[in-house]
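As a plain string of letters, each chain reads:
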Amino acid sequence: MGMFWYSLFVLIILGILLFYFRRKNKKVFKLLGIVSVIDIVAMGIMFGLLIIVPMFDDGRYAIDAVTMREDENIEVNIRQVSSEQIEITLTSHESTTFFYTDYFFIKRYKKDKWKYMPFRRDVTFPKTVRELEGQQSTTRVIRWEDYFGKKLKNGKYKLYWIDELEFEIL
């Protein structure tokens, strides 16, 4: 279902609630009466966009989030890894264009747990989508100091970018 239908559903529910309160309790409706119809519609749309849609969305349209791929026609491989950087190759084995973002995050295995590694405070990711044409390949180099302000220490890591990549620095 599209966002329109979720928003319409929320508006109908809000309308039913308002009708119910108006008939059952005049005091409650007087409190709600100060809110205009336009405010109610706006709140319904915002509620639909912020609460309802993410609950039912399968992630196909979420480009700011790291979504794990289910498509086996996209291959992600580590070419080289060190305490200074990682080089990753992204290969498309399908004929259609694959879209992705630069956003990633890392977990480090420490004390029998996987823990998120915090980025430097000034790290931002571009809000653009990159594309990989069908049957092509591209390489991405991530320098750890650019994102974490330091080299990575020896240990086990997981990098989440298009796919989950586990690696170890010795």
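Note that the structure is predicted; figures quoted are calculated from it, not measured. (Residues numbered from 1 in each chain as written. Predicted model: local features only at pLDDT ≥ 70, side-chain atom pairs only at ≥ 80, totals over all residues. Heavy atoms only, no water.)

A.B. asks: Help me out: how do you make sense of the pattern of salt bridges in this one?
C.D. replies: Two side chains with opposite charge may pair up if their charged atoms get near one another. The full count for this structure, using the stated rule, is 6 salt bridges. Asp-102 is the salt-bridge partner of Arg-130, the closest N and O atoms lying 2.7 Å from each other. Taken as a pair, Arg-130 in strand E6 (residues 130–132) and Asp-102 in the loop between strand E3 (98–100) and strand E4 (105–110) lie far apart in primary sequence, 28 residues in all. Arg-130 gets classed as partly exposed once you look at its relative accessible area, which sits at 40%. Where Asp-122 meets Arg-120, a salt bridge forms, and the shortest distance between an N and an O atom there is 2.9 Å. With a relative accessible area of 31%, Arg-120 lands in the partly exposed category. (Salt bridge = Lys/Arg side-chain N within 4 Å of Asp/Glu carboxyl O. Helix = DSSP H or I, 4+ residues; strand = E, 2+ residues; numbered from the N terminus. Buried < 20%, exposed > 50% of the residue type's maximum accessible area, 1.4 Å probe, protein only.)

A.B. asks: Before we go on, may I ask you to explain the pairing of strand E8 (residues 155–161) in this structure?
C.D. replies: In summary, the side chains of a regular strand alternate between the two faces of the sheet. Judged by how many residues are buried, E8 sits mostly within the fold: 6 of 7 residues are covered. Bridging between E4 and E8 involves 4 bridges; their strand directions are antiparallel. Bridging across to E8, Lys-107 finds its partner in Lys-158. Pairing between E8 and strand E9 (residues 163–169): 7 bridges, direction antiparallel. What sits directly across from Lys-156, in E9, is Glu-168. (Pairing = 2+ DSSP bridges.)

A.B. asks: When you look at the nonpolar core in this model, what are you seeing that I'm missing?
C.D. replies: The nonpolar side chains of soluble globular proteins are, as a tendency, buried together. Core analysis: the biggest nonpolar cluster contains 25 residues, and Leu-90, Phe-104, Trp-144 and Leu-159 have the highest contact counts within it. Discounting residues that sit within four places of it in the chain, Leu-90 has contacts with Ile-74, Glu-75, Val-76, Phe-98, Tyr-100, Leu-132, Gln-136, Ser-137, Thr-138, Trp-161 and Ile-162. (Core = buried A, V, L, I, M, F, W, Y, C linked by side-chain atoms within 4.5 Å. Contact = heavy atoms within 4.5 Å.)

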